[in-house]
Amino acid sequence: MTDTAFEIAFKNAYGRAPEGAWAAPGRVNLIGEHTDYNDGFVLPFAIPQTTRAAVARRDDGLLRLHSAAMEDGVVELRIADLAPGATEGWARYPAAVLWTLREAGHDVGGADLHFDSTVPVGGGLSSSAALQVVTALALTELYGVELSRQDMAVLCQRSENRYVGAPVGVMDQTASACCTAGHALHLDVRALAQRQVPFDPEAEGLVLLVADTHVKHAHADGAYGERRAGCERAAELLGVPALRDIAPADLDAALAALPDDTLRRLTRHVVTEDQRVQDVIELLDAGRTAEIGPLLTAGHASLRDDFQVSCTELDVVVEAALAAGALGARMTGGGFGGSVIVLTTAPTAPDVAQAITRALPQAVPFSTAPAEGAHRLW
Ligand code: GAF
C-alpha cells in the first residue's frame, strides 16, 4: 500500500515516481551499554519510530538525497567523488552506506532517495543507524544484492566508522536491521550470535517509558572514542583480546593489575554490565520482568560513576522516576545526553511521568514496546 503524502514528497523533490519505500526503526537499549565494542553482550529492541526512504534508481552515477526534516533541498553527489571526509552534514550517513557497499564489491549504483523520520534526532535512540539501515536495505533490494541482515548491520557500522569517522560499535545498526516485534535482541557481539528474547512489558502489567532529555550527544566527539580507547588499553594491559574476556570472578585481580583509576573504572563497568545483561535475560526468560528494575538502575549507576558518560539531566530524570516509585531507570545509548528509560507498573506510570516532567520540563515521557525491525513498505 502506498503512503500518498510520502510518495508525493518524493515526486516534488525529484519530478518522478519512486520505485518503492522502506522503513528502519530507532532502538532502545534495555541493558548492555558500551559493551558492544568490548566484544560483549547487548539487549536492544526496536521502537515503533522509524526513518522511511522512498527510492528510485538512477543510471548516471549520481546519488541524490532529500530529507523532509532538512532545509538544504536536494543534495547531489557524484558516486565517483564519494570518499571518507568528502561529505558534510546528514547526507554523510546515506553516502557512507553507498560508498561502503561499493567498497565491499557490491554492484550498487546511483539513486534518488527521499527520507522522513519519526525517530528523535540526537535523542540517543539511534536516528543515524535508522538512516543508514533504511538506505542499505533499499539499495540492496533495488539492486538485487544479497546480504544477510547481520552483514548489512556490520556494513553500516563500517560506513559510520570509516566514512563518518565515529568509532561506534555494531549494536545500533544490528538492532535496526534485525529486531523483531515483541522481542529484545540478545546479541553476542564477538560471535555475532543473536537470540530473540520475548519481551512484552504490557503483558506483565508494566510500562516502559522513554524520556528524552533533549541534551544532544555526538559520537564523533572525542569522549566516546576516549572511553573506547581506554577499554582497549585496559584489555591490552590485562593480556586479553577484549574486556569481555574478564570473568566476573577475576574482576578484583584484573583491577589490582591495572595501573590507574580510569582504566579500573572502565573495566569494572564493562565486566559488571556484561553480567547485568545475562541477569536481565534470565529474568525475562523466567517471566519475571518486574525484577529487572534494580539491574537497570545499577547499570545507570555504573555508567554514571564508573564509565562517566551520564550528565546532570539524565541523572535528574533517573532520580525523579525512582523517587516517584519506578521499578528501575537508566540512561540508554552512548550517553552525554539523550534518553532515559524507566520501568514502572502500569498504575504508577502516570505519577512517574509527571514527576519526570516536573524535574526536567523538556522531558516528556512516552511509553514504548518492542516493534519490528527494518522492512519494505511497498
Ligand atoms: C552508541 C554506539 F553507537 C553503540 O555502538 C554503543 O556503543 C552505544 O553507544 C553504547 O552502548 O549508541
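Since we're looking at a predicted model, the values are computed, not measured. (Residues numbered from 1 in each chain as written. Predicted model: local features only at pLDDT ≥ 70, side-chain atom pairs only at ≥ 80, totals over all residues.)

Examining the site of the ligand
With respect to spatial proximity, 11 residues lie near the ligand, and among them E33, V168, G169, M171 and G334 are the closest. Per-class residue counts for the shell around the ligand are 3 nonpolar, 5 polar and 3 charged. Two domains each provide a minimum of three residues to the shell around the ligand, namely domain 1 (4-196) and domain 2 (199-368). (Near = placed C-beta within 6 Å. Nonpolar A, V, L, I, M, F, W, Y, C, P; charged D, E, K, R; others polar. Domains from an automatic or database assignment.)

Regarding the UniProt feature "domain: Galactokinase N-terminal" (unreviewed entry) in the protein
With numbering aligned to this structure, UniProt lists the feature "domain: Galactokinase N-terminal" (unreviewed entry) at residues 9-57. In the segment residues 9-57, helix accounts for 12% and strand for 53%; the C-alpha atoms at its two ends are 17 Å apart. (UniProt positions renumbered as here; feature names shortened; annotations may be inferred. Helix = DSSP H or I, 4+ residues; strand = E, 2+ residues; numbered from the N terminus.)

Side note on the nonpolar core
Core analysis: the biggest nonpolar cluster contains 112 residues, and V133, V134 and A321 have the highest contact counts within it. The element contributing the most residues to this core is helix α3 (residues 127-142), with 9 residues. A domain-level breakdown of this core finds at least three residues from each of domain 1 (4-196) and domain 2 (199-368). Not counting residues up to four positions away in its chain, the partners in contact with V134 are W22, A23, A24, T51, R52, A53 and A374. (Core = buried A, V, L, I, M, F, W, Y, C linked by C-beta atoms within 7 Å. Buried ≥ 20, exposed ≤ 12 C-beta atoms within 10 Å, placed from the backbone. Contact = placed C-beta atoms within 7 Å.)

Focus: the environment of A349
Among the secondary structure elements, A349 is positioned in helix α11 (residues 349-359). On the basis of neighbour count, A349 is assigned to the buried category, with 21 C-beta atoms found within 10 Å. Remark: the alpha-carbon pair of A349 and Q173, spanning 176 residues in sequence, is separated by 30 Å. Once residues within four sequence positions are removed from consideration, A349 is found in contact with V207, L209 and T344.

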